[in-house]
Amino acid sequence: MDAWGSLIDCPSEQKFHECLQKFPNGLFTFPMFVDYVNKTWIIPHKEKFITAWTNKVIHLGNTTTNKY
């Protein structure tokens, strides 16, 4: 969870790429999980939830579409 949190909270694209390279280090016993996360979430959807991209749009701190 720490590796995931560090990855999604990266403040810049450069830092994101550094964290992405380190992400599998703590998960070497779960290579299928790392592959799934990369192919299903990180590569195709990073612009939607990684801080380095979401902070490029003015959102005034609102990062959810939930009304409540």
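Residues numbered from 1 in each chain as written. Predicted model: local features only at pLDDT ≥ 70, side-chain atom pairs only at ≥ 80, totals over all residues. Heavy atoms only, no water.

1. Overview of the overall build of the chain
Working step 1: Check the secondary structure of the chain and you find four helices and zero strands.
Working step 2: Counted from the first residue to the last, the chain has its helices and strands arranged as α-α-α-α.
Working step 3: When its C-alpha atoms are laid out on the principal axes, the chain stretches across 40 × 25 × 20 Å.
Working step 4: Put simply, the chain shows about 5,500 Å² of open surface, and 61% of that area lies on carbon and sulfur atoms. (Helix = DSSP H or I, 4+ residues; strand = E, 2+ residues; numbered from the N terminus. Areas by Shrake-Rupley, 256 points an atom, 1.4 Å probe, with all protein chains shown as cover.)

2. Some remarks on the pattern of salt bridges
Working step 1: According to the stated counting rule, one finds two salt bridges in the structure shown.
Working step 2: Note that Lys-56 and Glu-13 form a salt bridge whose closest N and O atoms lie 2.3 Å from each other. A residue pair is termed long-range when its members are at least 10 positions apart, and Lys-56 in the segment after helix H4 (51-54) and Glu-13 in helix H2 (residues 13-22) qualify at 43 residues.
Working step 3: Residue classification places Lys-56 among the exposed residues on the basis of a relative accessible area of 55%.
Working step 4: Judged by its relative accessible area of 31%, Glu-13 falls in the partly exposed class.
Working step 5: Taking the shortest distance from any N to any O, the salt bridge between Asp-35 and Lys-39 comes out at 3.6 Å. Remark: Lys-39 and Asp-35 occur in helix H3 (residues 31-49); sequence separation between them is four residues, near one turn of the helix.
Working step 6: Judged by relative accessible area, Asp-35 falls into the partly exposed class, the value being 38%. (Salt bridge = Lys/Arg side-chain N within 4 Å of Asp/Glu carboxyl O. Buried < 20%, exposed > 50% of the residue type's maximum accessible area, 1.4 Å probe, protein only.)

3. What to know about the side chain of Lys-46
Working step 1: Tracing the backbone through its elements, the reader meets Lys-46 in helix H3.
Working step 2: Although Lys-46 lies buried, it forms no salt bridge, and the closest oppositely charged side chain, Glu-47, sits 4.1 Å away as judged by the N-O distance.
Working step 3: Apart from residues lying up to four places away in sequence, Lys-46 is in contact with Phe-16, Trp-41 and Trp-53. (Lys, Arg positive; Asp, Glu negative; His and termini not counted. Contact = heavy atoms within 4.5 Å.)

4. Comments concerning the packing of aromatic side chains
Working step 1: Scanning the entire structure with this criterion turns up three aromatic pairs.
Working step 2: Seen from their ring centres, Phe-16 and Trp-53 are 5.1 Å apart, and the 85° between their planes marks the pair as edge-to-face. Residue Phe-16 is found in helix H2, and its partner Trp-53 is found in helix H4; the two are separated by 37 residues along the sequence. Both residues of the pair, Phe-16 and Trp-53, belong to the buried class. (Phe/Tyr/Trp six-rings, centres within 6.5 Å; stacked < 30°, edge-to-face > 60°.)

Everything listed here is a matter of geometry and, on its own, says nothing about what the molecule does.
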